[in-house]
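Residue-level listing of the chains:
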Amino acid sequence: MDRGLLNSLSEPEQLLVAETERDALKGLDEDELLELHQRVRRARTKYVKNYRRSAGAAVAEVGARGVSYPRNQRDRDKAELFESVLARVSRQVATAASRASSELRSERIEAARSARARVEVAPVRNAGRAASTRDAAAAPAGSGRPRATKTTGGLKKDASTRAAGARRQAKRDTR
């Protein structure tokens, strides 16, 4: 990163950039990373907005975009800096989310295995009764096959189609 640009940042902005250093990001959990991501995104949006507004105003002043381009270098550089910082935080958020997802998945698999082990180890008093219980547990509930739903690709569109059909039917019923 450009030292001159970093030195031109205000103190809160320098602290925000410092929070996104590799060592500082390692100690944060997913929620803290998301909060940091939001703050960095706000800072980036601020400088992008400032750059666009002043660039648009300068075009009206000088009459061409190419001539107004160098006038707003500082906001453009700050927006670029915060964009790179945001990318760094986004990568960490993705890593933390992936790690949390795999941990949750392994917990669910382990819970399912332990629940299945408890069912298989259950004591049996009557052999005939145990066979019928086992068969009932193995049989799927209901018809076994989920009912197919007819969709055209969108819930709102399907609801609209059903409503139109209901209106047509109501109209016929009143004749």
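Residues numbered from 1 in each chain as written. Predicted model: local features only at pLDDT ≥ 70, side-chain atom pairs only at ≥ 80, totals over all residues. Heavy atoms only, no water.

1. Some words on the packing of aromatic side chains
Consideration 1: Applying the stated criterion across every chain yields a total of one aromatic pair.
Consideration 2: With centroids separated by 5.9 Å and ring planes inclined at 0°, the aromatic side chains of Tyr 47 and Phe 82 adopt a geometry described as stacked. Of this pair, Tyr 47 sits in helix H4 (residues 30-62) while Phe 82 is found in helix H6 (residues 73-120), placing the two residues 35 residues apart along the sequence.
Consideration 3: When its relative accessible area of 0% is taken as the criterion, Phe 82 is described as buried. (Phe/Tyr/Trp six-rings, centres within 6.5 Å; stacked < 30°, edge-to-face > 60°. Helix = DSSP H or I, 4+ residues; strand = E, 2+ residues; numbered from the N terminus. Buried < 20%, exposed > 50% of the residue type's maximum accessible area, 1.4 Å probe, protein only.)

2. Regarding the packing of H4 against H6
A pair of packed helices is captured by two measures, namely the crossing angle of their axes and the spacing between those axes.
Consideration 1: The interhelical angle for the contact between H4 and H6, taken along N-to-C directions, is 155°, at an axis separation of 8 Å. In terms of their interaxial angle, H4 and H6 are classed as roughly antiparallel. Relative to H6, H4 is oriented so that their crossing is left-handed.
Consideration 2: In the contact of H4 with H6, the residues fall into 17 nonpolar, five polar and seven charged. (Axes fitted to C-alpha atoms, helices over the stretch in contact; angles between N-to-C directions. Parallel < 35°, antiparallel > 145°, perpendicular 65-115°, else oblique. Left-handed = near helix turned anticlockwise from the far one by under 90°. Nonpolar A, V, L, I, M, F, W, Y, C, P; charged D, E, K, R; others polar.)

3. Section: a positive patch on the surface
Consideration 1: On the surface, Arg 167, Arg 168, Lys 171, Arg 172 and Arg 175 cluster together to form a positively charged patch.
Consideration 2: Within the secondary structure, Arg 168 is located in helix H8 (residues 155-173).
Consideration 3: Looking at Arg 168, the relative accessible area reads 52%, which means it is exposed. (Patch = residues over 30% accessible without salt bridge, like charges linked within 9 Å, V, L, I, M, F, W, Y side chains within 5 Å. Areas by Shrake-Rupley, 256 points an atom, 1.4 Å probe, with all protein chains shown as cover. Salt bridge = Lys/Arg side-chain N within 4 Å of Asp/Glu carboxyl O. Lys, Arg positive; Asp, Glu negative; His and termini not counted. Charge placed at Lys NZ, Arg CZ, Asp CG, Glu CD.)

4. What to know about the nonpolar core
Consideration 1: Core analysis: the largest hydrophobic core is formed by 19 residues, its most contacted members being Leu 9, Leu 16, Val 17, Leu 36, Val 40, Leu 81 and Phe 82.
Consideration 2: Looking at this core, the elements that each hand over two or more residues are helix H1 (3-8), helix H2 (11-19), H4 and H6.
Consideration 3: Residues within four places of Leu 36 in sequence aside, it is in contact with Leu 16, Glu 19, Thr 20, Leu 25, Leu 28 and Val 89. (Core = buried A, V, L, I, M, F, W, Y, C linked by side-chain atoms within 4.5 Å. Contact = heavy atoms within 4.5 Å.)

5. Focus: the pattern of salt bridges
Consideration 1: A full pass over the atoms with the stated rule returns six salt bridges.
Consideration 2: Notably, a salt bridge pairs Lys 46 with Glu 13, separated by 4.0 Å at the nearest N-O pair. Placement of Lys 46 in helix H4 and of Glu 13 in helix H2 is noted, with a sequence separation of 33 residues between them.
Consideration 3: Taking relative accessible area as the criterion, Glu 13 reaches 9% and is therefore assigned buried.
Consideration 4: Here Glu 21 and Arg 88 are joined by a salt bridge, their closest N and O atoms 3.8 Å apart. With a gap of 67 residues between them, Glu 21 in the loop between H2 and helix H3 (22-26) and Arg 88 in helix H6 connect regions that are remote in the sequence.
Consideration 5: It is possible to trace a salt-bridge network through shared partners that takes in Glu 13, Lys 46 and Lys 78.

6. Regarding H8
Consideration 1: For H8, built from 19 residues, the straight-helix expectation of 27 Å at 1.5 Å per residue is met to within 8% by its first-to-last C-alpha distance of 27 Å.
Consideration 2: Taken across its 19 residues, H8 has one buried, putting it largely on the surface. (Expected span 1.5 Å × (residues − 1).)

7. As for the packing of H2 against H6
Consideration 1: Between H2 and H6, the shortest axis-to-axis distance is 10 Å and the interhelical angle comes to 30°. Here H2 is positioned roughly parallel relative to H6, judged by the angle of their axes. With respect to the hand of their crossing, H2 and H6 are arranged in left-handed fashion. From H2, Glu 13, Leu 16 and Val 17 reach across to H6, where they touch Lys 78, Leu 81, Phe 82, Val 85 and Arg 88.
Consideration 2: Across the contact of H2 with H6, the residue classes break down as five nonpolar, no polar and three charged.

Taken by themselves, the reported measurements are silent on function.
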